[in-house]
Amino acid sequence: MALAPNAVATHVDLTSFIDRVMREGSARYRDFSWRRTTDPYAVLVSEVMLQQTQVARVERYFDEWMNRFPTADALAAASVSDVLEAWQGLGYNRRALKLKQAAEIISEQHAGIVSTDYDELVALPGVGPATAAGVAAFALNQPSVYLETNVRAVVIFELFDEESVVSDRQIREVLELASKQSVERGIEPRDWNYALLDYGAWLKKTVPNPSRRSKHHTRQSTFEGSRRQKRAALLRLVMDTPDLNAAEYAQMGNYDLDITEDILADLVGEGFLEFSHDTYRVAR
């Protein structure tokens, strides 16, 4: 059932594709806390957490986060230190800071209510097209093209099995048409996108990952010994032992002083840390 590159999916192709996705995805439905709510803020939190993080890890953190910061207003009012502390273990601390910044905008400009407008969603810090589409589909049950790695795997496996390189433009074209037809057939947008995700997650465990044939597939760089690891470690050091200077943190982490100063300066510039009297602490 392969489609030629750049071809518009035919009605027959889409009908078979939708049937198979719903059958395979529904049979492998995964029950998560964030799937038991339609609160746009909760869904936004889950979507940001799931960016570049394994689902099993998010499962361990989501409920605790929601208990600690149950609303956008609560997150906006929290200190950066508290937010980063709650985020530890989820990786990529920038996402936590962006999520707090988004909450501040939601609280200050939208009365604490996450907007249902796509353009307003993607304008928030840390919210890209996939995250905005996730909020639209899972919180609001609106038709949307939710394109991420599991979804890529499904489309490539089912419809581009003879192609060595598949672009997101080709995949998006299929998803746009399939989303429209699935709604016309009475399938809820939320159910359609869950089925894509769950079928894709299963495929990636059972066949050679189809998304590797995506033109946009990239391997995550090695964490051990990387600058990213040093950033995370230095941020943790400042959180645990504030009000020291760069030389002291370099000694504690056994890092080169120049690298330490450079990373600490980045963390100050990005809003993670404050620098005063030659010492560092987490931003308030």
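Residues numbered from 1 in each chain as written. Predicted model: local features only at pLDDT ≥ 70, side-chain atom pairs only at ≥ 80, totals over all residues. Heavy atoms only, no water.

With respect to the overall build of the chain
Scanning the chain for helices and strands turns up 14 helices and two strands. For the chain, buried positions account for 45% of its 284 residues. Taking the intrachain contacts of the chain between residues at least 6 apart in sequence as the baseline, contacts between residues at least 24 apart amount to 67%. (Helix = DSSP H or I, 4+ residues; strand = E, 2+ residues; numbered from the N terminus. Buried < 20%, exposed > 50% of the residue type's maximum accessible area, 1.4 Å probe, protein only. Contact = heavy atoms within 4.5 Å.)

With respect to the packing of helix α10 (residues 168-184) against helix α11 (residues 189-206)
As a packed pair, α10 and α11 sit with axes 10 Å apart at the nearest point and diverge in direction by 135°. On the basis of their axis angle, the class for α10 and α11 is oblique. Taken as a pair, α10 and α11 cross one another with a handedness that is right-handed. Judged by residue contacts, Leu 175, Ala 178, Ser 179, Ser 182 and Val 183 of α10 engage Pro 189, Trp 192 and Leu 196 from α11. (Axes fitted to C-alpha atoms, helices over the stretch in contact; angles between N-to-C directions. Parallel < 35°, antiparallel > 145°, perpendicular 65-115°, else oblique. Left-handed = near helix turned anticlockwise from the far one by under 90°.)

Focus on the nonpolar core
Among the nonpolar cores identified, the biggest contains 84 residues, and Phe 17, Tyr 41, Trp 65, Trp 192 and Leu 273 are the most heavily contacted of them. When sequence neighbours within four positions are dropped, the list of residues in contact with Trp 192 reads Phe 17, Ile 18, Val 21, Met 22, Ala 178, Ser 179, Ser 182 and Ile 187. (Core = buried A, V, L, I, M, F, W, Y, C linked by side-chain atoms within 4.5 Å.)

Brief notes about unusual backbone geometry
Positive phi, close to 60°, is recorded for Gln 52, a residue that is not glycine. Within the secondary structure, Gln 52 is located in the loop between α2 (40-50) and α3 (55-68). Residue Gln 52 is classed as exposed on the basis of its relative accessible area, which comes to 56%.

Some details on the environment of Ala 78
Assignment of secondary structure puts Ala 78 in the loop between α4 (72-77) and α5 (80-87). By relative accessible area, which is 14% here, Ala 78 ends up buried. Along the chain, Ala 78 and Arg 284 lie 206 residues apart, while their C-alpha atoms are 8.6 Å from each other. If we ignore the near neighbours within four places in the chain, the residues touching Ala 78 are Phe 69, Val 83 and Lys 100.

Considering the pattern of salt bridges
Enumeration according to the criterion identifies 18 salt bridges in this entry. A salt bridge links Arg 227 to Asp 262, with the shortest nitrogen-to-oxygen separation between them at 2.8 Å. Pair noted here: Arg 227 is in helix α12 (residues 227-240) and Asp 262 is in helix α14 (residues 257-269), with a separation of 35 residues, a long-range link. Assessed through its relative accessible area of 37%, Arg 227 is described here as partly exposed. (Salt bridge = Lys/Arg side-chain N within 4 Å of Asp/Glu carboxyl O.)

Brief notes about α2
Within α2, nine of the 11 residues are buried, leaving the element largely enclosed by the surrounding structure. Here α2 has its buried residues at Tyr 41, Ala 42, Val 43, Leu 44, Val 45, Ser 46, Glu 47, Val 48 and Met 49. Buried residues belonging to α2 abut α3, α4, α5, α6 (93-109) and α8 (129-139). Directly after α2, the chain includes Gln 52, whose backbone phi takes a positive value near 60°.

Focus on the pairing of strand β2 (residues 279-282)
Of the two faces of β2, only one is covered, namely that formed by Tyr 280 and Val 282; the face formed by Thr 279 and Arg 281 stays uncovered. Judged from the four bridges that link them, strand β1 (residues 273-276) and β2 form a sheet pairing that is antiparallel. Looking at the pairing, Phe 275 lines up with Tyr 280 of β2. The hairpin formed by β1 and β2 contains two residues between the paired strands, and His 277 there has a positive phi angle of roughly 55°. (Pairing = 2+ DSSP bridges.)

Here's the deal with the packing of α2 against α8
At a minimum axis separation of 9 Å, α2 and α8 run at an interaxial angle of 140°. As summarised for this structure, α2 and α8 are arranged oblique, according to the angle between their axes. The handedness of the crossing between α2 and α8 is right-handed. Counted together, Pro 40, Val 43, Leu 44, Glu 47 and Val 48 of α2 and Ala 130, Thr 131, Gly 134, Val 135, Phe 138 and Ala 139 of α8 form the full contact between these two elements. Grouping the amino acids of the contact of α2 with α8 by side-chain chemistry returns eight nonpolar, two polar and one charged. (Nonpolar A, V, L, I, M, F, W, Y, C, P; charged D, E, K, R; others polar.)

Here we look at the packing of aromatic side chains
For the structure on display, the rule yields 11 aromatic pairs. Ring geometry for Phe 138 versus Tyr 194: centroids 4.7 Å apart, planes at 5°, classification stacked. A residue pair is termed long-range when its members are at least 10 positions apart, and Phe 138 in helix α8 and Tyr 194 in helix α11 qualify at 56 residues. Taking relative accessible area as the criterion, Phe 138 reaches 4% and is therefore assigned buried. Relative to Tyr 280, the ring of Phe 275 lies with its centre 4.7 Å away and its plane at 40°, an arrangement referred to as tilted. Among the residues examined, Phe 275 registers a relative accessible area of 45% and is labelled partly exposed. Given a relative accessible area of 8%, Tyr 280 falls into the buried group. An aromatic cluster of three or more residues is present, and its members are Tyr 29, Phe 138, Tyr 146 and Tyr 194. A cation sits over an aromatic face here: Arg 28 above Trp 202, 3.7 Å from the ring centre. (Phe/Tyr/Trp six-rings, centres within 6.5 Å; stacked < 30°, edge-to-face > 60°. Lys NZ or Arg CZ within 6 Å of the ring centre and 35° of its normal.)

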